[in-house]
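# Fold and geometry: a report
So the chains spell out like this:
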Amino acid sequence: MVWSADCLRHEPGGEVWLGVWEAGTEVPERAAVLLDALTSAGARITDAATHSDEALLAVHDAELVTHLATIWADWEAGRYPAEYRRSRVVPYVFPTPGLLAGLPLRSPAAAHGRAGRFCYDTMTLVGPGSWAAIRAAADAALTAADLVASGEPAAYALCRPPGHHVTASAYGGSCYLNNAAIAAQALRRAGADRVAVLDIDAHHGNGTQAIFYHRDDVYYGSLHVDPGAGWFPHYAGYADERGTGDGLGANRNLPLAPGTGDPDWLTAVEGLCTDVRDRGADALVVSLGVDAAAGDPESPLRVTDDAYRRAGELIGALGPVVAVQEGGYDLPSLGRLVVAALSGLLAGAG
Ligand code: SP5
Ligand code: ZN
């Protein structure tokens, strides 16, 4: 397991849902609970090593990375907390294609204008420690990729904040940089010709899909609650999204009905594993969200610990794996769900 204490420094302080500021679900305690559970389970802990920005820029636009690194300082300098009681960066204007109608995208002079330039929702707030944690989460994913590239059968990055909703240039869904995509690209660079990303978070990883949609060298497969049934991320994750150009056929979405339990969920995991076996993969990345669990407040799927363990076994048998933490919000069960998935992964790899 790879970890950085900096991952605790991101305190979103809530989220604005449908116009109302609410207590958030992506809280620092998630990481503390996971660290505790993994430590108790006997995980060997490696500190996240600092990596250069090059690995981030291999999947993200430089402007997004710079924005995330600087927007809090700009917010403070603009006296939004001190003078306007705006304690976090929250966007209110979004430069959608319809708004621009062909005009060039400018960088707004005011920080409150710039806040929506790269962020696509009101749920993904930035505060004083956010960048340190965002950067540390990416370093954890990269360190786990290093371990697997140098021969470990499996490594788990306890990333917080999570990442799979972030595209090359847009962030949201409680995610800021795409840790899993960064790890997948690092594995490619370290010599894996074909990489597969399997996303078992309850939500579709629209960001990871978008980053690799045109590529054949990185497969993306996801099972998730059906966005067509009304669930986040609403605009992506449908079964007919199969990739484009060279990437046609290298993207697979298996949307599941709300209420789906272990048997159908595991059948979908097996479907993705069959894809990976058919295509071949030199290394895998698992976007390990455990928010499909029955007790999770953020999804209507009803998956148990046993199914997470079984999913781990199935995936672990496919090849060397970098597991990257994504969602999972039920603090009382979070630890044992992740331990179950990782125990399965090790059993499958052995
Ligand atoms: C990484 C991850 O699992 N991100 C998921 C973000 C989903 N957020 C969508 C939230 C939709 C409304 N949730 C109700 C919140 C009420 N406080
Ligand atoms: Zn999720």
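Analysis parameters
Residues numbered from 1 in each chain as written. Chains lettered and ligands numbered in written order. Predicted model: local features only at pLDDT ≥ 70, side-chain atom pairs only at ≥ 80, totals over all residues. Heavy atoms only, no water. Helix = DSSP H or I, 4+ residues; strand = E, 2+ residues; numbered from the N terminus. Rg over C-alpha atoms; globule rule 2.2 N^0.38 Å. Buried < 20%, exposed > 50% of the residue type's maximum accessible area, 1.4 Å probe, protein only. Contact = heavy atoms within 4.5 Å. Areas by Shrake-Rupley, 256 points an atom, 1.4 Å probe, with all protein chains shown as cover. Lys, Arg positive; Asp, Glu negative; His and termini not counted. Charge placed at Lys NZ, Arg CZ, Asp CG, Glu CD. Donors = N, O, S within 2.8 Å, 3.2 Å for Na, K, Ca; no water. Expected span 1.5 Å × (residues − 1). Phe/Tyr/Trp six-rings, centres within 6.5 Å; stacked < 30°, edge-to-face > 60°.

### Remarks on the overall build of the chain
Check the secondary structure of the chain and you find 12 helices and 10 strands. In terms of C-alpha radius of gyration, the chain reaches 19 Å, essentially the compact-globule figure of 20 Å for 350 residues. Its C-alpha atoms put the chain at 55 × 45 × 40 Å along the principal axes. Going through the 350 residues of the chain one by one, you find that 53% of them count as buried. The contacts of the chain with a sequence gap of at least 6 include a subset with a gap of at least 24, amounting to 77%. Here the chain has roughly 13,900 Å² of accessible surface; of this, 53% comes from carbon and sulfur atoms. Distance between charge centres in the chain, computed from 24 positive and 42 negative side chains, equals 4 Å.

### Quick word on the coordination of the zinc ion (ligand 2)
Surrounding the zinc ion (ligand 2) are the protein donor atoms Asp201 (OD), Asp201 (OD), His203 (ND1) and Asp291 (OD), at 2.0 to 2.8 Å. Read from N- to C-terminus, the donor residues coordinating the zinc ion (ligand 2) fall into the pattern D-x1-H-x87-D. The exposure classification of Asp201 matches that of His203, with both residues buried.

### A word on helix 7 (residues 130–149)
Taking 1.5 Å per residue as the helical rise, helix 7 with its 20 residues ought to reach 28 Å, and the 29 Å between its terminal C-alpha atoms agrees with that figure. Within helix 7, 15 of the 20 residues are buried, leaving the element largely enclosed by the surrounding structure. The first or second residue beyond helix 7 is Gly151, which carries a positive phi of 115°.

### Let's talk about the packing of aromatic side chains
This structure, assessed with the given rule, holds 4 aromatic pairs. Summarising the aromatic geometry, the rings of Tyr80 and Tyr84 are spaced 6.0 Å apart at their centres and angled 40° between planes, so their arrangement reads as tilted. Here Tyr84 and Tyr80 lie together in helix 4 (residues 80–84), a separation of 4 residues that amounts to about one turn. With a relative accessible area of 44%, Tyr84 lands in the partly exposed category.

Function-wise, these values are silent; they only describe arrangement.
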